[in-house]
Each structure stands twice: as structure tokens, then as C-alpha cells.
Protein chains: 2
Amino acid sequence: MPQNDGPPARFDVATAVRRVEGGGVVADLDPGWDVGESILNGGYLLAVIGRAAVLDSPHPHPVAVSASYLRATGPGPATLTVTPGPAGRTLAHASVVLAGDGGPSLAAQVTTATLGDADPVYSRPMPDVPPPEECLSARAGDQLGGHPVPAIGLRERVETRLDPATAGWAVGRPSGEPVMRAWVRLTDGSEPDPFALLLFADVLPPTSWSIGRMGWAPTVQLQVLVRALPAPGWCLVEASASEVAGGWLDEDYRVWDSTGRLVAQSRQLARLPR
Amino acid sequence: MPQNDGPPARFDVATAVRRVEGGGVVADLDPGWDVGESILNGGYLLAVIGRAAVLDSPHPHPVAVSASYLRATGPGPATLTVTPGPAGRTLAHASVVLAGDGGPSLAAQVTTATLGDADPVYSRPMPDVPPPEECLSARAGDQLGGHPVPAIGLRERVETRLDPATAGWAVGRPSGEPVMRAWVRLTDGSEPDPFALLLFADVLPPTSWSIGRMGWAPTVQLQVLVRALPAPGWCLVEASASEVAGGWLDEDYRVWDSTGRLVAQSRQLARLPR
């Protein structure tokens with residue numbers, strides 16, 4: 001098992017990939033980004049996938065990443081098989097498969113491009129949420145509704161401030177509406193970038209908690225779109241579900257930066273906790 | 001070039017796949033499902049991908065399909081390379097690559113499962129739209145705002161009734177809000193199924209038409225979730241964009257069946273028409 005001694009690795013180090021002789025790409029998946037039971041967060045893994053995809057691309061930014069979560073992924077050495085697709089001046093395509101000890105665990109389609117600073121032609125506004133200092137801290141060890149926040153690595157690595165309006169579940173009064181909002185930033189002090197946005201697009205607890213279905217909701221397939229380079233500071237994340245039925249749940253994320261610009265969106269299909 | 005004589009093929013025939021000796025899977029892509037310039041509709045292609053994915057799956061229904069559109073796909077013979085992933089009692093994974101004359105043109109991750117008839121635990125309601133007979137017909141040859149509907153194959157194969165509230169663009173008065181709603185059904189008389197839902201999840205004109213940006217918006221990456229088996233009859237489709245910026249556009253679809261049940265969702269990243 002990998003050791004987790006010393007100060008936690010910065011996000012960019014924890015998601016780093018490197019080429020090895022023979023042309024392969026490898027990563028050391030960091031045990032600090034778990035969601036419990038040594039299972040790594042799906043957004044963290046997408047950031048690793050994104051870094052592998054840009055290695056050989058003419059473009060520096062992942063703008064669309066769709067991944068199937070074939071099985072749970074734990075920490076430790078992983079290999080990334082990158083199959084490049086067509087590449088042009090506007091965008092490039094690649095397929096990326098991440099494999100650990102247990103074989104392939106993530107298979108992804110990645111589109112890379114070069115994000116600019118063009119003003120939006122049309123933009124749906126950001127919801128109105130109190131500033132981070134008026135929201136509920138959900139760091140591991142914090143008390144929420146008289147209970148300590150579970151000591152999962154993800155919640156230690158990502159500072160999370162829950163919008164009180166959507167945090168009824170945290171104080172034992174689920175709202176009945178599967179919506180959650182929170183301000184987030186990396187605890188290591190680094191500013192958001194497109195790779196951090198891949199993380200933020202799957203960073204909140206399942207919205208099914210808001211309808212009283214506590215328990216983890218494993219991601220089956222997740223698509224993230226990165227729409228702009230984020231400004232420094234907190235990002236606001238909103239997750240909501242449209243339909244919960246037959247053991248399935250969708251989760252729709254929108255992520256805005258500190259200037260109120262939409263910087264990422266995601267949608268996932270997940271299994272509903274029993 | 002493939003010929004398009006005789007009556008148009010039914011949807012199930014036009015999207016059929018078959019095994020060939022040696023273990024491959026092939027399809028004859030039907031020229032009747034184009035969006036102009038012999039380019040086939042992205043949803044039509046996803047239905048072909050979905051049929052290839054269920055061939056070797058223990059499950060009959062595609063429930064999550066994410067595809068990168070590597071290049072435009074025209075009609076004619078195509079091969080489908082299916083790489084199965086883990087398969088269990090609840091769901092199975094596969095990767096599917098579709099290739100035509102010009103090489104691979106679609107690369108997809110597909111999750112298959114067995115959809116049941118469980119009632120939703122939570123469901124966001126369907127928008128209020130006039131019945132199909134009070135909506136605007138957008139069949140090829142129909143007049144919309146004094147102009148004939150373009151004679152693209154897709155609009156002949158899918159009967160499309162536009163909600164007047166979101167069809168200002170069709171009469172020369174774009175609403176300024178990138179939202180479109182329409183009732184749709186297959187012109188061949190067949191009832192919707194999960195494969196038709198893959199088609200319906202990319203069936204409307206670009207929502208950028210509603211903000212006065214006429215022209216096609218090529219899909220870069222599209223994810224469709226199929227949430228339930230649709231009831232017979234019309235489906236209601238709503239497409240909307242959250243952000244239009246820097247030459248990129250997202251499109252978010254929700255599809256309800258004739259009973260008002262959410263049966264599919266999709267999101268795509270597309271290039272904005274100039």
C-alpha cells in the first residue's frame with residue numbers, strides 16, 4: 001500500500017502523470033483523495049485522465065471528458081493508455097484508459113482545445129448564494145448538525161462551504177429537493193485551473209442525501225465540459241438531480257468561478273444508495 | 001454512393017447492425033438520416049452505436065452513451081469495433097468505435113442495463129407545452145414564417161411539432177433565449193424505444209438559432225442517458241443552452257414520453273456557427 005506520511009501532496013503533484021521508456025504514461029494515484037474505503041474520487045481520477053490527454057495534444061486544456069467507471073479505483077501505481085484521434089487547430093480528440101492493479105478501471109473520451117478569454121454571447125446567471133464565510137464548513141472533523149464530517153480524504157483536500165439553503169440533510173432535515181450548492185477551493189492554496197474543474201465537477205456528496213437517501217452513489221458514467229479558464233478564488237458548485245428511479249440517479253453540476261462566470265458543467269449517471 | 005430509392009427504411013432497419021464472419025460488426029448507414037451535405041445526424045449514429053453495444057451484452061438497453069464525434073460521418077458501409085468491459089447483473093460496459101471510408105469517425109463509451117418500470121422516487125415535472133396538434137409542423141416542405149423547412153432527411157424521418165413559444169426563430173423573431181421544445185415521433189409509425197431516444201436526444205436544430213445564430217452547430221461530444229422505457233406516442237423534447245462563448249455552445253436535452261415521464265437526457269458540446 002502507498003504511504004501517506006508527511007504533508008499532503010499538492011493537487012498538481014497528486015494528479016501528475018509522466019512518460020516512461022517505451023512510450024507509456026504512468027501515474028501514482030494519491031491515497032489522500034478517497035471517498036472512503038480507499039476508493040478514489042471520480043473527479044480526481046478525471047484530472048489524472050485529463051493530464052494524460054494533453055501530453056501529446058497540440059492543445060493544453062481538456063474541454064470535454066466522458067468517462068465510464070468500469071470498477072472502483074484505489075491508490076497506487078496506474079498506467080494510462082492514450083490513443084490519439086484527429087487533431088486540428090481548434091480541437092483534438094483522444095481515448096484514455098486508466099488501469100491499476102485490478103485491470104482497466106476508467107475508459108474515457110477526451111477532447112482538448114485552447115480556452116480563451118472571449119466574453120459570453122449568452123450566459124445563464126449564477127444562483128444567489130451567501131458568501132463562503134456565511135456558509136457551513138464541511139471539513140473533516142467539523143461538526144454538522146451535531147455530527148462530525150466523515151474523515152474522507154476528499155473533504156480534507158477540498159475546502160467545502162455548504163449553502164445553508166441546501167444543507168438541510170447535514171442537520172437531519174433533508175429538504176426533499178435533490179439540490180446541493182457549495183463554495184469549494186483547494187486546501188493546498190493553489191488556484192483553480194481546468195484540471196481542478198474536472199475535480200470540482202464531482203466533488204459534492206450525492207444529492208440523494210437531500211431526499212434522505214444517505215450512503216454513497218457510485219458513478220457509472222460522467223461527462224464534464226470545461227467552458228472557460230477560471231479566475232482565482234472560490235468556485236461555486238451546484239449539483240442537482242432530475243430523476244431518481246429504479247436504482248438510478250442523474251447528477252447535473254454547474255461550476256462558476258469567483259467572477260460569476262460558468263466555467264464547467266457535468267452530468268453523471270450513478271447508482272442510488274439502497 | 002448508396003442509393004435512396006423506394007420507400008424509406010424503418011428506423012430499426014436503418015440503424016441495424018450485423019455480425020460478419022471473423023467476429024466483426026458492420027452497418028449500412030442510411031443516407032436518409034442526414035442533416036444536410038450528406039452528413040448523418042449524431043443521434044442516428046448513436047442509435048447504431050447502441051445496437052452494436054447490446055449485441056454481446058447481458059443487458060438489452062443502452063442507458064449511458066458518451067461519444068466523441070471525431071469527424072463528420074456520411075452514409076454507406078461502416079464497421080463497429082466493440083471492446084467489452086466488465087459486465088455484471090446490474091450493468092455492463094463497452095467501448096465502441098464506428099469507422100467508415102474515412103477511418104474512425106465516432107468513439108463511444110456505452111453502459112448497458114435492463115430498464116424496468118419502477119416508479120420514480122423523485123422526478124422534476126415536464127414543462128407545459130400545447131398538444132402536438134396545436135404546435136408548428138416542421139416537416140420538410142412545410143412553410144415556417146414564409147420559408148420552406150429545409151429538405152434534410154432527419155426532418156422527414158422524424159415528425160417534429162415545434163412549441164410556438166420557443167419557435168420565434170422560425171418566423172424571423174429569435175427569442176433571445178436558447179431554448180427549443182418540440183413533440184417528436186418517428187414518421188415510419190414505429191413507437192419509441194431506447195434506441196429512438198438516442199436519436200431524439202440530438203434531434204432539434206441548434207438552440208443557437210434562438211439567439212439569431214443560424215447555421216449548423218457540429219457536435220463535438222455528446223452524452224445521452226436513457227432513464228426509462230418510453231410509452232407509445234409522441235415524445236416531448238426540450239433543448240437549452242447554458243453558455244455560448246468563444247465559439248462553443250452546450251446543449252442540454254430532456255425527453256419525456258406521452259405519459260410525462262422523463263425518459264432521456266443528454267448534453268453535448270458543440271461548435272458555434274459563425
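Residues numbered from 1 in each chain as written. Chains lettered and ligands numbered in written order. Predicted model: local features only at pLDDT ≥ 70, side-chain atom pairs only at ≥ 80, totals over all residues. Heavy atoms only, no water.

What follows covers the overall build of chain A. Scanning chain A from N- to C-terminus turns up four helices and 17 strands. Relative to a compact globule of 274 residues, whose C-alpha radius of gyration would be 19 Å, chain A shows 18 Å and is just as compact. Based on the C-alpha atoms only, the size of chain A along its principal axes is roughly 55 × 50 × 40 Å. Split into buried and exposed, the 274 residues of chain A put 59% on the buried side. Here the analysis covers contacts within chain A between residues at least 6 apart in sequence; of these, 68% occur between residues at least 24 apart. (Helix = DSSP H or I, 4+ residues; strand = E, 2+ residues; numbered from the N terminus. Rg over C-alpha atoms; globule rule 2.2 N^0.38 Å. Buried < 20%, exposed > 50% of the residue type's maximum accessible area, 1.4 Å probe, protein only. Contact = heavy atoms within 4.5 Å.)

All names here are of chain B. All told, the structure shown has eight aromatic pairs over all chains when counted by the stated rule. Each ring, one from Trp33 and one from Tyr44, has its centre 5.6 Å from the other, and the planes form 10°; the classification is stacked. Pair noted here: Trp33 is in the loop between strand 2 (25-29) and helix 2 (42-55) and Tyr44 is in helix 2, with a separation of eleven residues, a long-range link. Using a relative accessible area of 1% as the deciding quantity, one classes Trp33 as buried. The class for Tyr44 is buried, based on a relative accessible area of 0%. The ring of Phe195 has Arg51 lying over it, and the distance from NZ or CZ to the ring centre is 4.4 Å. (Phe/Tyr/Trp six-rings, centres within 6.5 Å; stacked < 30°, edge-to-face > 60°. Lys NZ or Arg CZ within 6 Å of the ring centre and 35° of its normal.)

We now examine the interface of chain B and chain A. The partner chain A presents 57 residues to the 57 residues of chain B that form the contact. Contact between chain B and chain A buries roughly 4,700 Å² in total, counting both sides, with carbon and sulfur atoms accounting for 53%. Considering only the side of chain B, the residues that lose the most area to chain A are Tyr122(B), Glu243(B) and Arg267(B), jointly responsible for 17% of the buried surface there. For the pair chain B and chain A, the number of links is six salt bridges. Residue Asp250(A) pairs with Arg227(B) through a salt bridge whose shortest N-O separation is 2.8 Å. Counting the contacts that link chain B with chain A gives 39 residue pairs in polar contact (both at pLDDT 80 or more). The set of elements that each furnish at least two residues to the side of chain B that touches chain A consists of strand 3 (61-69), strand 5 (91-100), strand 6 (103-113), strand 7 (120-123), strand 13 (219-226), strand 15 (243-245), strand 16 (248-256) and strand 17 (262-271) of chain B. It is strand 17 of chain B that provides the largest number of residues to the side of chain B that touches chain A, a total of seven residues. (Buried area = accessible area lost by both parts, 1.4 Å probe. Salt bridge = Lys/Arg side-chain N within 4 Å of Asp/Glu carboxyl O. Polar contact = N/O pair within 3.5 Å; in protein donor to acceptor, adjacent residues only side chain to side chain.)

It is worth spelling out the pattern of salt bridges at this point. Residues and elements named next belong to chain A. All told, the structure shown has 26 salt bridges over all chains when counted by the stated rule. For Arg267, the salt bridge goes to Asp252, with nearest N and O atoms at 3.5 Å. Of this pair, Arg267 sits in strand 17 (residues 262-271) while Asp252 sits in strand 16 (residues 248-256), and the two are 15 residues apart along the sequence. Considered together, Arg267 and Asp252 belong to a single accessibility category, that of buried residues. Each of Asp163, Arg181, Glu238 and Arg254 takes part in salt bridges that share partners, so that together they form one network.

To continue, consider the relation of the copies chain B and chain A. When chain B is fitted to chain A, the best match, at an RMSD of 0.0 Å, comes from turning it 180° and sliding it 0.0 Å along the axis. As the rotation angle and translation indicate, the two copies are arranged about a two-fold axis. In terms of proximity to the rotation axis, the leading residue of chain B is Ser66(B), whose C-alpha is 3.1 Å off the axis. Of the residues that chain B buries at the interface, 100% are likewise interface residues in chain A, meaning the two copies contact each other through the same surface. (Least-squares fit on C-alpha atoms with pLDDT ≥ 70 in both.)

With that settled, the discussion passes to helix 2 of chain B. Residues and elements named next belong to chain B. The terminal C-alpha atoms of helix 2, which comprises 14 residues, lie 21 Å apart, in line with the 20 Å expected from a rise of 1.5 Å per residue. When you tally the buried positions in helix 2, you get 13 out of 14 residues, the bulk of the element. Its side-chain oxygen 2.9 Å from the backbone nitrogen of Gly43, Asn41 forms the N-cap of helix 2. (Expected span 1.5 Å × (residues − 1).)

Residues and elements named next belong to chain A. One can find Val20 in the loop between strand 1 (18-19) and strand 2 (25-29). When the C-alpha atoms of Val20 and Asp193 are compared, they prove to be 26 Å apart, with 173 residues separating the residues in sequence. Those residues within four positions of Val20 in sequence are excluded, and the remaining contacts are Val25 and Val26.

Residue and element names in this part refer to chain B. Counting buried residues along strand 6, nine of its eleven residues qualify, which places the element largely inside the surrounding structure. Two strands pair when backbone bridges link them, and strand 3 and strand 6 are joined in this way by eight bridges, in the antiparallel orientation. Note on strand 6: the bridge partner recorded for Tyr69 is Leu106. By the bridge criterion, ten bridges tie strand 5 to strand 6 in an arrangement that is antiparallel. If you follow Gly100 over to strand 6, its bridge partner there is Gly103. (Pairing = 2+ DSSP bridges.)

Moving on: unusual backbone geometry. Residues and elements named next belong to chain A. You will see that Ser38, though not glycine, has its phi angle at about 60°, which is positive. Its location among the elements puts Ser38 in the loop between strand 2 and helix 2 (42-55). Of the residues examined, Ser38 reaches a relative accessible area of 40% and is grouped as partly exposed.

The next thing to look at is the confidence of the model for chain A. Per-residue confidence for chain A gives a mean pLDDT of 92, with 97% of residues at or over 70. With pTM at 0.95, the complex prediction returns an ipTM value of 0.94. (pLDDT = per-residue confidence, 0-100.)

On to the side chain of His61(B), then. Residue and element names in this part refer to chain B. Relative to the helices and strands, His61 is located in strand 3. Residue His61 is classed as buried on the basis of its relative accessible area of 14%. Every residue in contact with His61, bar those within four places of it in the chain, is listed here: Val54, Thr111, Thr112, Ala113, Thr114, Leu115, Pro194 and Leu229.

Right, let's get into the side chain of Gln109(A). Inspection of the secondary structure assignment puts Gln109(A) in strand 6 (residues 103-113). Under the relative-accessibility criterion, Gln109(A) is labelled buried at 3%. A distance of 3.0 Å separates the side chain of Gln109(A) from the side chain of Ser95(A), its partner in a polar contact. Setting aside chain neighbours within four positions, we find Gln109(A) in contact with Ala64(A), Val65(A), Ser66(A), Ala94(A), Ser95(A), Ser66(B), Ser68(B), Ala107(B), Ala108(B), Gln109(B) and Gln221(B).

All chains considered together, the criterion is met by zero disulfides over all chains. A disulfide-free cysteine, Cys235(A) has its sulfur positioned 14 Å from the sulfur of Cys135(A), the nearest such atom. (Disulfide = S-S within 2.5 Å.)

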